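Letter by letter, the chains look like this.
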Amino acid sequence: MTSTGRELIKIGGAPGAAVTAGAHILPAQAQTPKRGGTFRFRFQVPPVQFDPHLTIGFATMIPLSLAYSRLVKVKAGSAVVPGTQPVEGDLAESWERQGDTVYVFKLRKGVRWHPKPPVNGRELTAEDVKYTYDRFLTIKGNPNKAVLEMVDKVEALDKHTVKFTLREPNAWFIDRLASTSTWIVAKECVDQLGDLKSPDSVVGSGPWMLQRYEPNVRLSFVRNPHYYIPGLPYVDNVDIALSQDPAAALAAFLAGAFDLGPEYGMVIRRSDLEIAKARVKNLGTRDYIVVFGGFTAMKLDQEPFKDVRVRRAVAMSDNWREMLETNAWSLGKGAPNPLIPAAFRDWTIPIDQLPPEGRRLYESTPGDAKRLLAEAGHPNGIKASLETTPGYGPDWMDAVQVALKNWKAARIDVDLKLKEYGAFVSSSLLGKFDKMMLTLRGGTTDPDTYFTLMLPGEPLNSSGVNDAKLTDMIKQQRRTFDEKKRRDLVFEIQRYASQQVYYGFGASVSAVAAWMPYVKNFGPNIGHDYGGRLMVTWLDR
């Protein structure tokens, strides 16, 4: 049977229940798929490098999603509701949980690596899976390690069977395996090149093969002729233009040079939507809440951020309504975020269900923030340096300016320091900053990952949170396989976190994905898996 991520949790409550991968099912109203053509779209940031075990950068994970496979993936297609994450098999044909800590996966037979050196199209086996996750868990400096930190041991039982033994129960394990950092990589590429940073190392088993990389210009992919899902992908080539100019990108889209919206996630700015609809008859669109939103980290071991009143003042002076109103993507449409982003409709707590201290973070004025600072001994306000990156694009920098303005109104004087995107994700994002850091979150597609920034010792715990009660709460929900009970625990964690304010969370915009009318069966969704969404999409010209 094919199972959604939610169903997997229910199945997980009964050890020994097996889950089988299903074929992609098209909506009943869909036309007959057509083969051929080239997907053309724009991406605003060049890859940091190409090793998924050595960067957290979305600019790396998105192109890799076209070329690599993983054990399980998020189902794609126009029938999938954005914000939901139904999980289905990718390389795994089926899997079962044995007890609370053992998972056994049966791999598809006959899967082959891309016919490129040094792997040259050999069969992908359980030993490749074991090698990948052993490297994932042991390579020094993997910022994604927390995704699978619960794994104690990976064993290849035979050529097509892999066994995972966890250190402790984790009800989110299958969802974690669907992350866009868990690609299966080839040992031969590491042996030959030393690591996977070079574009020459991108030899996977995914729907397309990297054909050419022109730094800062373009990425070109060609269809994998031996892809293991019959008939997929439908489109022969993928051409990604690398451009940091949003105005030029919009003009190219309207002129027909791109098939999909010119912003991250195939989105078009709301401020450009009416122009696009007038220029492109029957333009395909879909609104959805994006998972990413700004968040502010503060060094908790330093003054003045040791005082929760100061942290509350920082959070409550960040006017989320103004951010949405001034953002070209949203024009006022979107939602405030608690600890779990609002895009996760089943797991985010409604703001009105937070305790009074938490609700005030979203309802207060600069005057309320100034009063809190005065109570904390700072009647004249505070000064602090803040690091961010312009790499997220001009719309992000507009949001940064809104935040700076509102902090200043609350007597929080911020000295802005900008870092190049690659340097930022390898330093500031991992807690290497002086006082404050402002960034975007939202690359992962399982709710539990968003608790990682609260756990001691995790690279992404950039504020330096060390709260024993909170840690115990997070571990308890991970051990809870009953979905309703786990949701109650997740809500309680969000209530508690809103009182402590270890981070400040900005709003998520309601974005509009857009595509040309000849693009069929495209379903926008949260996360970096462009490849998964595009391989079931076709061009009907």
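The structure presented is a predicted model; accordingly, all values stated were derived computationally and were not measured.

A. Representation of the overall build of the chain within the structure. For the chain, the count of helices and strands is 16 helices and 22 strands. Taking 541 residues into account, the globule formula puts the C-alpha radius of gyration at 24 Å, and the chain, at 23 Å, falls close to it. Taken along the three principal axes of its C-alpha coordinates, the chain extends 70 × 55 × 45 Å. Of all 541 residues assigned to the chain, the portion counted as buried reaches 63%.

B. Structural context of the nonpolar core. Core analysis: the biggest nonpolar cluster contains 178 residues, and Phe 105, Phe 164, Phe 173 and Met 454 have the highest contact counts within it. Residues within four places of Phe 105 in sequence aside, it is in contact with Leu 71, Val 72, Ala 92, Ser 94, Trp 95, His 160, Thr 161, Val 162, Phe 164, Phe 173, Ile 174 and Leu 177.

C. View of helix H2 (residues 58-67). Summarising burial for H2: ten of the ten residues are buried, a large majority. All of the buried residues in H2 are Phe 58, Ala 59, Thr 60, Met 61, Ile 62, Pro 63, Leu 64, Ser 65, Leu 66 and Ala 67. Tucked into the core, H2 has its buried residues touching strand E2 (38-43), strand E9 (208-214), strand E10 (218-223), strand E11 (237-242), helix H13 (421-425) and helix H16 (530-534).

D. Expanded view of the packing of helix H8 (residues 308-316) against helix H10 (residues 356-363). For the pair H8 and H10, interaxial distance at closest approach is 7 Å and the crossing angle is 40 degrees. Accordingly, the angle class assigned to the pair H8 and H10 is oblique. Mapping the contact onto sequence places Arg 312, Ala 315 and Met 316 in H8 and Glu 357, Arg 360 and Leu 361 in H10. Looking at the contact of H8 with H10, its residues break down into three nonpolar, no polar and three charged.

E. Examining the packing of helix H14 (residues 468-478) against helix H15 (residues 483-500) more closely. Where H14 meets H15, the closest approach of the two axes is 9 Å, and the angle between their N-to-C directions is 160 degrees. When the axes of H14 and H15 are compared, the pair comes out roughly antiparallel. The hand of the H14/H15 crossing is left-handed. Contacts between H14 and H15 involve Lys 469, Leu 470, Met 473, Ile 474, Gln 476 and Gln 477 on the former and, on the latter, Arg 486, Leu 489, Val 490, Glu 492, Ile 493 and Tyr 496. Across the contact of H14 with H15, the residue classes break down as seven nonpolar, two polar and three charged.

F. Geometry of the side chain of Thr 348. Within the fold, Thr 348 resides in the loop between strand E15 (334-335) and H10. Of the polar contacts made by the side chain of Thr 348, one reaches the backbone oxygen of Ile 340; its length is 2.8 Å. If sequence neighbours within four positions are ignored, Thr 348 has contacts with Pro 338, Ile 340, Pro 341, Ala 342, Phe 491 and Gln 494.

G. Quick look at the sheet that holds strand E14 (residues 293-298). One open sheet accounts for five strands, arranged E17-E16-E18-E14-E19; its pairing is mixed. Whereas interior strands pair on both sides, the edge strands pair on one side only; in this sheet they are strand E17 (412-418) and strand E19 (503-505). Between one strand and the next, the sheet's axes are offset by a mean angle of 25 degrees, whatever the strand orientation. In this sheet, strand E18 (residues 436-441) lies alongside E14 in antiparallel orientation, the contact comprising six bridges. Within the sheet, the bridge partner assigned to Thr 296 lies in E18 and is Leu 438.

Conventions we followed
Residues numbered from 1 in each chain as written. Predicted model: local features only at pLDDT ≥ 70, side-chain atom pairs only at ≥ 80, totals over all residues. Heavy atoms only, no water. Helix = DSSP H or I, 4+ residues; strand = E, 2+ residues; numbered from the N terminus. Rg over C-alpha atoms; globule rule 2.2 N^0.38 Å. Buried < 20%, exposed > 50% of the residue type's maximum accessible area, 1.4 Å probe, protein only. Core = buried A, V, L, I, M, F, W, Y, C linked by side-chain atoms within 4.5 Å. Contact = heavy atoms within 4.5 Å. Axes fitted to C-alpha atoms, helices over the stretch in contact; angles between N-to-C directions. Parallel < 35°, antiparallel > 145°, perpendicular 65-115°, else oblique. Nonpolar A, V, L, I, M, F, W, Y, C, P; charged D, E, K, R; others polar. Left-handed = near helix turned anticlockwise from the far one by under 90°. Polar contact = N/O pair within 3.5 Å; in protein donor to acceptor, adjacent residues only side chain to side chain. Pairing = 2+ DSSP bridges.

Geometric values such as these leave the question of function open.
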